[in-house]
Amino acid sequence: MSPFVIFVILILLAIAGLIFANIRVVPQSKAVVIERLGTYRSTWQTGLHVKIPFVDRMAKTVSLKEQVVDFKPQPVITKDNVTMQIDTVVFFQITDPKLYCYGVESPISAIENLSATTLRNIIGELELDSTLTSRDTINAKIRVILDEATDPWGIKVNRVELKNIIPPREIQDAMEKQMKAERERREAILRAEGEKQSRILVAEGHKESKILEAEAEKQSAILRAEAVKEAKIREAEGEAQAIEAVQKASAEAIKLLNEANANEAVLKLKALEAFEKAADGQATKIIIPSEIQGIAGLAEGVIQATK
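These figures come from a predicted structure and were not determined experimentally. (Residues numbered from 1 in each chain as written. Predicted model: local features only at pLDDT ≥ 70, side-chain atom pairs only at ≥ 80, totals over all residues. Heavy atoms only, no water.)

(A) Main features of the pattern of salt bridges. What the rule picks out here adds up to 11 salt bridges. A salt bridge links Asp70 to Lys163; the shortest N-O distance between them is 2.8 Å. Of this pair, Asp70 sits in strand β6 (residues 66–70) while Lys163 sits in strand β9 (residues 155–166), and the two are 93 residues apart along the sequence. Of the residues examined, Asp70 reaches a relative accessible area of 43% and is grouped as partly exposed. For Lys163, a relative accessible area of 43% corresponds to the partly exposed category. Across the pair Arg185 and Glu182 runs a salt bridge, and its minimum N-O distance is 2.5 Å. A residue pair is termed a helical-turn pair when its members lie 3 or 4 positions apart in one helix, as Arg185 and Glu182 do in helix α6 (residues 169–259) at three residues. Salt bridges linked by common partners bring Arg143, Asp147 and Lys156 together as one network. (Salt bridge = Lys/Arg side-chain N within 4 Å of Asp/Glu carboxyl O. Helix = DSSP H or I, 4+ residues; strand = E, 2+ residues; numbered from the N terminus. Buried < 20%, exposed > 50% of the residue type's maximum accessible area, 1.4 Å probe, protein only.)

Rendered as structure tokens:
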């Protein structure tokens, strides 16, 4: 192979390499700032791009994702002259690669300094207690101020968080004692509430027990009364049946006497038999009917006649 052919091949290879070296594929969520002869030319978005060799230059590759920067603690002084250490976390996103590239030197450092200055201004208007209990308010104020200040840099601040608020050691000790006292107070309240509930439950138990005892006594009295009532009813029924049986027997006896055409003497003798049965009882006084007295006299006369 002649030297000329080799030279041509080398030239072609160099041209091909140069062309491939100036072909770029920009990935998703990236942007590339292009300069032509030192002047801003364009911003490449996602896709395939080709730049002119020796004329165009990729000045900066920018990530369009949301980024998080954790700044070191900053000393701040509250309105009541308490020095605290506060570190912040800033969530931001690059919205304009051109402004981000040319707007400010060292954007992250600029955000850190701006965040520290804004934090000092806001905390300086608050007292210690307000600072410890107003994190959301402080976060919102810092975010609004940073977002407005970083607009010319092509940066949007999405969120700012106070990561740690560290007061002086003596303040921490006082806060711990206060928290301990508060916990003990709550514990005492809860214990008192528990004892109160326990007493209420015991009283309710005694009340229920008394109610149940009263109900049982009531049921027992009702059952006793029902038993007495039932006994009296049965006794009355027995007496009624006995009276009915006696009356039936008397009626039968009268019927038989009537059917037998008994004369007055027989009737008086029957009455005397009844009187005899009455005299056998426990009575101490007996009233003798006049008819029975006549029967007695008749009997005596019969006895005298037969002598």
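From this point on, the discussion continues.
(B) How the structure looks around a nonpolar patch on the surface. Judged by side-chain polarity, Phe4, Val5, Ile6, Phe7, Val8, Ile9, Leu10, Ile11, Leu12, Leu13, Ile15 and Ile19 come together as a nonpolar surface patch covering roughly 1,100 Å² of accessible area. Here Ile9 shows up in helix α1 (residues 3–21). (Patch = residues over 30% accessible without salt bridge, like charges linked within 9 Å, V, L, I, M, F, W, Y side chains within 5 Å. Areas by Shrake-Rupley, 256 points an atom, 1.4 Å probe, with all protein chains shown as cover.)

(C) Representation of the sheet that holds strand β3 (residues 39–44) in the model. As summarised here, the arrangement of the three strands in space is β3-β2-β5, forming an open sheet in which the pairing is antiparallel. Each end of this open sheet is capped by a strand with a single partner; those strands are β3 and β5 (56–63). For this sheet, the mean inter-axis angle between neighbouring strands, taken without regard to orientation, is 25°. (Pairing = 2+ DSSP bridges. Axes fitted to C-alpha atoms, helices over the stretch in contact; angles between N-to-C directions.)

(D) The nonpolar core, seen in detail. Among the nonpolar cores identified, the biggest contains 27 residues, and Met84, Ile86, Leu119, Ile138 and Ile142 are the most heavily contacted of them. Among the elements of the structure, β8 (83–94), α3 (107–123), α5 (135–150) and β9 are those that each provide at least two residues to this core. Not counting chain neighbours up to four residues away, the residues in contact with Ile138 comprise Leu119, Ile122, Ile123, Leu126, Thr131 and Leu162. (Core = buried A, V, L, I, M, F, W, Y, C linked by side-chain atoms within 4.5 Å. Contact = heavy atoms within 4.5 Å.)

(E) Just the packing of aromatic side chains, in detail. Tallied over the full model, the rule gives one aromatic pair. For the cation-ring pair, Arg159 lies above Phe91, with the distance from its terminal atom to the ring centre recorded as 4.0 Å. (Phe/Tyr/Trp six-rings, centres within 6.5 Å; stacked < 30°, edge-to-face > 60°. Lys NZ or Arg CZ within 6 Å of the ring centre and 35° of its normal.)

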